[in-house]
Amino acid sequence: MHDQAFSRLQDAMQALRQSRISIADFCRVWRNENALLQALPARFATVMEDLLGRLEAGSLFTEESCSFSQIDLLATLDTWLDKAQQTLRSPSN
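Conventions and cut-offs
- Residues numbered from 1 in each chain as written.
- Predicted model: local features only at pLDDT ≥ 70, side-chain atom pairs only at ≥ 80, totals over all residues.
- Heavy atoms only, no water.
- Helix = DSSP H or I, 4+ residues; strand = E, 2+ residues; numbered from the N terminus.
- Buried < 20%, exposed > 50% of the residue type's maximum accessible area, 1.4 Å probe, protein only.
- Contact = heavy atoms within 4.5 Å.
- Areas by Shrake-Rupley, 256 points an atom, 1.4 Å probe, with all protein chains shown as cover.
- Axes fitted to C-alpha atoms, helices over the stretch in contact; angles between N-to-C directions.
- Parallel < 35°, antiparallel > 145°, perpendicular 65-115°, else oblique.
- Nonpolar A, V, L, I, M, F, W, Y, C, P; charged D, E, K, R; others polar.
- Salt bridge = Lys/Arg side-chain N within 4 Å of Asp/Glu carboxyl O.
- Phe/Tyr/Trp six-rings, centres within 6.5 Å; stacked < 30°, edge-to-face > 60°.

**What about the overall build of the protein chain?**
Point 1. The helix and strand inventory of the protein chain stands at five helices and zero strands.
Point 2. Helices and strands in the protein chain line up, N terminus first, as α-α-α-α-α.
Point 3. With 93 residues in all, the protein chain has 34% of them scored as buried.
Point 4. Of all intrachain contacts in the protein chain linking residues separated by at least 6 positions in sequence, the fraction that spans at least 24 positions is 62%.
Point 5. Approximately 5800 Å² of the protein chain is accessible, and the part contributed by carbon and sulfur atoms is 51%.

**A word on the packing of helix H2 (residues 23–31) against helix H4 (residues 42–58)**
Point 1. Two elements in contact, H2 and H4, have axes separated by 10 Å at closest approach and are oriented at 170°. As summarised for this structure, H2 and H4 are arranged roughly antiparallel, according to the angle between their axes. Contact with H2, carried on its side by Ile 23, Phe 26, Cys 27, Trp 30 and Arg 31, involves Met 48, Glu 49, Leu 52, Gly 53, Leu 55 and Glu 56 of H4 and no other residues of that element.
Point 2. Per-class residue counts for the contact of H2 with H4 are seven nonpolar, one polar and three charged.

**Considering the pattern of salt bridges**
Point 1. Tallied over the entire structure, the rule returns seven salt bridges.
Point 2. Here Arg 8 and Glu 33 are joined by a salt bridge, their closest N and O atoms 2.6 Å apart. Of this pair, Arg 8 sits in helix H1 (residues 3–17) while Glu 33 sits in the loop between H2 and helix H3 (34–39); the two residues are 25 residues apart in sequence, bridging distant segments of the chain.
Point 3. By relative accessible area, Glu 33 is classed as buried at 10%.
Point 4. A salt bridge links Arg 54 to Asp 50, with the shortest nitrogen-to-oxygen separation between them at 3.2 Å. Here Asp 50 and Arg 54 lie together in helix H4, a separation of four residues that amounts to about one turn.
Point 5. A relative accessible area of 33% places Arg 54 in the partly exposed class.

**Here we look at the packing of aromatic side chains**
Point 1. What the rule picks out here adds up to three aromatic pairs.
Point 2. Their ring planes at 55° and their centres at 5.4 Å tell us that Trp 30 and Trp 80 sit as a pair that is tilted. Here Trp 30 is found in helix H2, whereas its partner Trp 80 is found in helix H5 (residues 70–89), with 50 residues between them in sequence.
Point 3. Look at Trp 30 and you get buried, because its relative accessible area is 0%.
Point 4. Judged by its relative accessible area of 5%, Trp 80 falls in the buried class.
Point 5. Ring geometry for Phe 44 and Trp 80: centres 5.7 Å apart, planes at 75°, overall edge-to-face.

Here it is in structure tokens:
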């Protein structure tokens, strides 16, 4: 049901990793998936927003001068995607 949303988020991850989109555009794509966020427990939106905020803050500095590693944040967002998919596919949902 939410496969298209997950595909858009994964495509945005790939595009950001390949420097084809900006962090601002990446965050906009993620934040626009309202239907997906509403289908998930509220904690998913909280965690996602925290990670996106860190990603945006980190984009204001060079990788070396910021405490937020873009690589680590994207890896955590990968984990977020995996857990979100598992949550929506579990029998209780």
